[in-house]
There are 2 protein chains.
Amino acid sequence: MAIKFELLKEAKDCKARLGKLYTPHGVVETPIFMPVGTRATVKAMTPEEVRDLGAQIILSNTYHLYLRPGHELIKEAGGLHKFMNWHGPILTDSGGFQVFSLGNLRKIKEEGVEFKSHIDGSTHFISPEKSIEIQNALGSDIIMCFDECTPYPCSYEYAKESMERTTRWAKRCKEYHKNWDKQGLFGIVQGSMFRDLREQSAKDLVDLDFPGYAIGGLSVGEPTELMCEVLDYTTPLLPKNKPRYLMGVGTPDYLFEAVIRGVDMADCVLPTRVARNGTVLTSHGKLVIRNAKYSKDFSKLDPECDCYTCTNYSRAYIRHLFNVNEILGARLTTIHNLYFLIRLMENIRKAIKEDRLLEYKDEFYKKYGYYDKK
Amino acid sequence: MAIKFELLKEAKDCKARLGKLYTPHGVVETPIFMPVGTRATVKAMTPEEVRDLGAQIILSNTYHLYLRPGHELIKEAGGLHKFMNWHGPILTDSGGFQVFSLGNLRKIKEEGVEFKSHIDGSTHFISPEKSIEIQNALGSDIIMCFDECTPYPCSYEYAKESMERTTRWAKRCKEYHKNWDKQGLFGIVQGSMFRDLREQSAKDLVDLDFPGYAIGGLSVGEPTELMCEVLDYTTPLLPKNKPRYLMGVGTPDYLFEAVIRGVDMADCVLPTRVARNGTVLTSHGKLVIRNAKYSKDFSKLDPECDCYTCTNYSRAYIRHLFNVNEILGARLTTIHNLYFLIRLMENIRKAIKEDRLLEYKDEFYKKYGYYDKK
């Protein structure tokens, strides 16, 4: 089996866990945040920079790579690791989320999903088997079952129908998957915000015995409290000795809430996307660097940060770069935001070790100002 | 004096020279190519990357920095070196070239030039004194006299009038310049393509005894042969013990022709600008990476290059990055192009040392294909 998970510790003050995830391209400490490299590059960064910031695993998107440059080409190049020069672990999603996000451009059938490319309108068909075929070609360490991510809100009837189909698709993915020794296949728990559906989904997928489980269909617009509630009853349904991956989560508050409820892995484009728009995460909350008040501010982005950006550049300089649309601006803020989240997860792991995660969360928020801003 | 030039060797087979340029922020080996960081950043690069590629001095643009973020702000930040985190030598131009490029938006008077900002249309006035004031505030190691760069073609009458004004402005710059111990002021020889005007300009400026001389008004659209002809008779008019800087030149062929005629310094946005459009310089000539024929080409950009880009990435990957408009694409081609030109200049210096520059030029062109393509 490609993927092995070692549970090192369970917290005493909450459901958080410490673990180690063994993959063919290296070991990952959990809980972990995974930077996103949608199109075979973490935007604005070299792989060495991502690694040097402390990232241990990255995520890449099957849908995007299937369309451009194509999975066959990446296979020919020697696989995704070699193609993009990232030699650590890679997780790919199944393409499901992107395909379902296409709205009118896609048609769901039992066999799979027909959709039109968002680039040129050409027609494509992705079935569970096709998704696995693509991910097998990419050669990522962790691959995902093809699933439907239901929107929020969603009727009970549709959520049930969709969840059951996702389970049937998971079976087909498992049967079709070829490289168990090189790639671990995760099942994805769905069921929208309905407890009995989540329970059914988890039960059926656990019966299929995947090496890891993702929780899908959250962080799709529902209130934070609702996400927390679903996590509260969903993570206990999953085996303790398998990693749990909450898809699409990457703000400090969501990361805290997820880890506290027993989540081991998370990913999100947020830190890199907002960075390119000039928004940075700091220990004192968010900061919009284009704001005129920073034009003569020669202090660093975050007074408590020692990343490359904060060590060498002032807010005034970074604001200037954004003001004149220089690429270095996006690079510097991306470095800072990734470093911020990676350090946050390091601190979270340390706090779990010391059984003081809830305490650390309060300390963090006291400065970050989350409670004030809500 | 801030600037000292040591002439180490004169070639036997041509007028090329080897030298050392001492500046307050370090020593520069000449002949040298200077990457351009127009708006206080060499586009897409960090200063450390520029330095690690072997760059010894960079150029920044007074006109752009004056408008955004403003020279006063940079002065307040501790000067341009500190603001942009480049701790090696910096040369700034006078702003003249950009102001005169504004065409209808500027009016030339004896006192200086009135112009409208290309950004917001606001009216500004740059005189020789103002240009020096700005450059004094920036704190660059080498600063330039405010001059008019005449277009090509240009009438004899206008070239004469303009050249004489440029000389009068040079006197005013010299008188106004405050920081002779920290910043070396260069005079700029003008006179378009007219031998007697170039002779007059050089004579008058040499009488003013600047620590270095630039040759302006070339590489502005004239045939290569004409540029070579002007260089042929202009460089001998300049003192041997002072550095000679040919402004705006940075293609391999122009660099060869300039160095062979006794030029010590040159700058150009070309390698970084074309890189961002996906054009790379290789030992076998130019290569347009967006071309479909590279889509499955897993070889490196330049088979003879050992830069970061060529060591780690294939043409197919870089083409993919350009195809999907990823920032890393521009970074990788910029790294390669700068490395290519910096290595070329290293090889040129080595060839001068060994008195085989003309031979090396032939070797280079045999592969680069310059003769074939003309």
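Note: the structure precedes this text.
Rules of the game
- Residues numbered from 1 in each chain as written.
- Chains lettered and ligands numbered in written order.
- Predicted model: local features only at pLDDT ≥ 70, side-chain atom pairs only at ≥ 80, totals over all residues.
- Heavy atoms only, no water.
- Contact = heavy atoms within 4.5 Å.
- Buried area = accessible area lost by both parts, 1.4 Å probe.
- Salt bridge = Lys/Arg side-chain N within 4 Å of Asp/Glu carboxyl O.
- Polar contact = N/O pair within 3.5 Å; in protein donor to acceptor, adjacent residues only side chain to side chain.
- Helix = DSSP H or I, 4+ residues; strand = E, 2+ residues; numbered from the N terminus.
- Nonpolar A, V, L, I, M, F, W, Y, C, P; charged D, E, K, R; others polar.
- Pairing = 2+ DSSP bridges.
- Axes fitted to C-alpha atoms, helices over the stretch in contact; angles between N-to-C directions.
- Buried < 20%, exposed > 50% of the residue type's maximum accessible area, 1.4 Å probe, protein only.

Describing the interface of chain A and chain B
Here comes step 1: Across the contact, 36 residues belong to chain A and 36 residues belong to chain B.
Here comes step 2: At the boundary of chain A with chain B, total buried surface from both sides reaches about 3,300 Å², with 57% on carbon and sulfur atoms.
Here comes step 3: If you look at where chain A meets chain B, you find eight salt bridges.
Here comes step 4: Our count for the chain A to chain B interface comes out at 20 residue pairs in polar contact (both at pLDDT 80 or more).
Here comes step 5: Only α1 (47–52), α3 (71–76), α4 (80–84), α12 (308–312), α13 (315–323) and α14 (327–353) of chain A provide two or more residues apiece to the side of chain A that touches chain B.
Here comes step 6: By residue number, the principal contributor to the side of chain A that touches chain B is α13 of chain A, which donates five residues.
Here comes step 7: In the side of chain A that touches chain B, the residues fall into 19 nonpolar, seven polar and ten charged.

Side note on the sheet that holds strand β7 (residues 106–108) of chain B
Residues and elements named next belong to chain B.
Here comes step 1: Here we have three strands laid out as an open sheet, ordered β7-β8-β9, and antiparallel in their pairing. Looking along the sheet, the strands with just one partner apiece sit at the ends: β7 and β9 (123–126). Recorded for the sheet is a direction-independent mean angle of 15° between the axes of neighbouring strands.
Here comes step 2: Here three bridges tie β7 to strand β8 (residues 113–116), and the two strands are oriented antiparallel to one another. When the sheet's bridge partners are listed, Arg 106 is paired in β8 with Phe 115.

Some points on the environment of Asn 337 of chain B
Residue and element names in this part refer to chain B.
Here comes step 1: Within the element layout of this structure, Asn 337 appears in helix α14 (residues 327–353).
Here comes step 2: Since its relative accessible area comes to 0%, Asn 337 is described here as buried.
Here comes step 3: Between the C-alpha atoms of Asn 337 and Tyr 66, which are 271 residues apart in sequence, the distance is 28 Å.
Here comes step 4: Excluding anything up to four places from it in sequence, Asn 337 contacts Pro 271, Val 274, Ala 275, Thr 279, Val 280 and Leu 281.

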